[in-house]
Amino acid sequence: MPSLLVVKPYEDRFLGVKASRKRGRWEFSAVKEWKASELKGRSVVALETTPRVYFSRETLNKGPKEVLHLQAEDKIRDSGYFTGAFQTAICKLSEGPVTVEAGILALEPQGVNHLIETLGRAQARLKAIHHQAVAMAFLAGFLSKEPVLVVWISPEGLWMTVSEAGGLTYLRFQEVDEFLGLEGHPIEESILAVLDYYERFFGKTIRKILPCGPKREAVPRVETLEPLSPDLNRLIKAPEEELLTYPELFGAVFVPEGYNLLPETHKFFLKNLEWVRWSGGILFILALLNYGLWAYFYQKNHTLEAEIFRTRKTLENKLSILNKDYSPSQVKNLKEYLSLKESFEKQPRLDEFLWWLGNNLPQGIKVRSLETSKKGLNYELGLKLFFEGDLASARRGFLTFFDKIKTRAEILDTRFNYDEMAQRADFELKVRLK
């Protein structure tokens, strides 16, 4: 598949990796800085980095997408997490007869709008916007199907997510106090609190941890947790050190479309834009085919016109010779003869039909009598046939003959009679030769 870029804002530029899927495995380049202008014309997945994110798994009443969004927005407002406007994404997890279990993600719209505006000015082909915490959770979900705690640490804060069975189940951000720094932040206590919460509310024990982020060395060792160490070379091809430093860049390709934060209007525009690109390519190919056909038939027409011109000249020469050798009365008689000959050849010929009839009668069917009459230029025939045998064989033979004669004559009338005592079938046909 074509490659795409996964980028996140970094100062006045972007950090990003190039991703492509080859033979069922994702391959990633090294992380590098990109100017906005360098993204022109490229397929881009962008990451939002705001720490104010709402996530929950809820059971909603089944209905259209708009109804699900209204229910999700009501639940978010009831939580009091946002005091102003927010943007929502819903990912269906399972569906029952009347309810839907869904993951609900919400954040303030300023960051998404800024990404759309910046990448729009750069003329990048924006495919999706995901939140970085969701992306790192789905990376862990891709690497392991059992519950995994992802702890992402930077000087600004601490992201903790839990993924299970390839999906996101928990998400939380803790800001680091700028005076105390990472050294004074209770990282271990925060991790233990997540483990306790998950066991009480989900009834499951987390045994794997994925420390990552620019300051991942600050993650303390917890006795009950084992570091996640998957076989990266078997699953994906990526620089391992950079994957642990920027897991969000490598995990964005595994995020389901339901968590895409692009507005519905933008998604609709992208869908139609792809259709326009596809149809434009088809129209270009059709234009080339039309041009090729035009060139071919133009050449054929040119050749045909030359042949017609030569034939006309030949006929004119021969007619001039004929006019010299034959008088006008002889020419008139010849034209009349040719006209009569053509008219005669167009008439149905009785002898040809009789010869055809003798060679196409099915086995067992015999002619009892044949009457002919001529009406205008056409012959009408009355055929009386008989067959001795059982009814099924008689019907099969007459139907076969009926299908054949329809190709040579117009059926005017038919009669079929079967004498069961005598085991004899009589079949009468009245036809007009074509």
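This structure is a prediction, so every number in the text was calculated from the model and none was measured.

**Student:** For this particular structure, what's the right way to read the pairing of strand S10 (residues 148–153)?
**Tutor:** Two faces make up the sheet, and in a regular strand the side chains alternate between them. Counting buried positions over the 6 residues of S10 gives 6, a clear majority of the element. Side chains Val148, Val150 and Trp152 of S10 all project onto a buried face; the interleaved residues Leu149, Val151 and Ile153 project onto the opposite face, where all are buried too. Inspection of the sheet shows S10 paired to strand S11 (residues 157–164) by 6 bridges, in the antiparallel sense. For Leu149, the partnering residue across the bridge sits in S11 and is Val162. The hairpin formed by S10 and S11 contains 3 residues between the paired strands. Where S10 and strand S13 (residues 208–212) come together, 5 bridges link them in parallel fashion. Looking at S13, one finds that Val148 is bridged to Lys208.

**Student:** How should I be thinking about the sheet that holds S10 in this particular structure?
**Tutor:** Adjacent strands of a sheet form backbone hydrogen bonds with each other and so pair up, either parallel or antiparallel. Spatially, S12-S11-S10-S13-S14 is the arrangement adopted by the 5 strands of the open sheet, whose pairing is mixed. Two strands bound the open sheet, and with one partner strand each, they are strand S12 (167–175) and strand S14 (226–227). For S11 and S12, the ladder comprises 8 bridges, and the chain directions are antiparallel. Counterpart to Met160 in the pairing with S12 is Arg172. Where helix H3 (residues 132–143) meets the sheet, its contacts fall on S10, S11, S12 and S13, and the angle it forms with S11 comes to roughly 40°. The strands touched by helix H4 (residues 187–202) within the sheet are S10, S11, S12 and S13, with S11 carrying the most contacts at an inclination of about 30°.

**Student:** Is there a simple way to think about the packing of aromatic side chains in this case?
**Tutor:** For any pair of aromatic rings, geometry is given as the distance between the ring centres together with the angle between the planes. In the structure shown here, the tally under the stated rule is 16 aromatic pairs. Taking 5.6 Å as the distance between ring centres and 80° as the angle between the ring planes, the aromatic pair formed by Phe398 and Phe416 counts as edge-to-face. Taken together, the residues Phe398 in helix H11 (residues 391–405) and Phe416 in strand S18 (residues 409–419) connect sequence positions 18 residues apart. Ring centres 4.6 Å apart and planes at 40° place the aromatic pair Phe398 and Phe427 in the tilted group.

**Student:** When you look at the sheet that holds strand S16 (residues 365–375) in this model, what are you seeing that I'm missing?
**Tutor:** A sheet is described by the order of its strands in space; here 4 strands give the open sequence S16-S17-S19-S18, paired in antiparallel fashion. Only two strands of the sheet have a single partner each, and these edge strands are S16 and S18. When the angles between neighbouring strand axes are averaged without regard to direction, this sheet yields 10°. Where S18 lies against strand S19 (residues 424–433), 10 bridges are found, and the strand directions are antiparallel. Paired with Glu410 across the bridge in S19 is Arg432. Packing against the sheet, helix H10 (residues 350–360) makes contact with S16, strand S17 (378–388) and S19, and its axis sits at approximately 15° to S17.

Basis of the calculations
Residues numbered from 1 in each chain as written. Predicted model: local features only at pLDDT ≥ 70, side-chain atom pairs only at ≥ 80, totals over all residues. Heavy atoms only, no water. Buried < 20%, exposed > 50% of the residue type's maximum accessible area, 1.4 Å probe, protein only. Helix = DSSP H or I, 4+ residues; strand = E, 2+ residues; numbered from the N terminus. Pairing = 2+ DSSP bridges. Contact = heavy atoms within 4.5 Å. Axes fitted to C-alpha atoms, helices over the stretch in contact; angles between N-to-C directions. Phe/Tyr/Trp six-rings, centres within 6.5 Å; stacked < 30°, edge-to-face > 60°.

Scope: geometric values only; no functional claims are made or implied.
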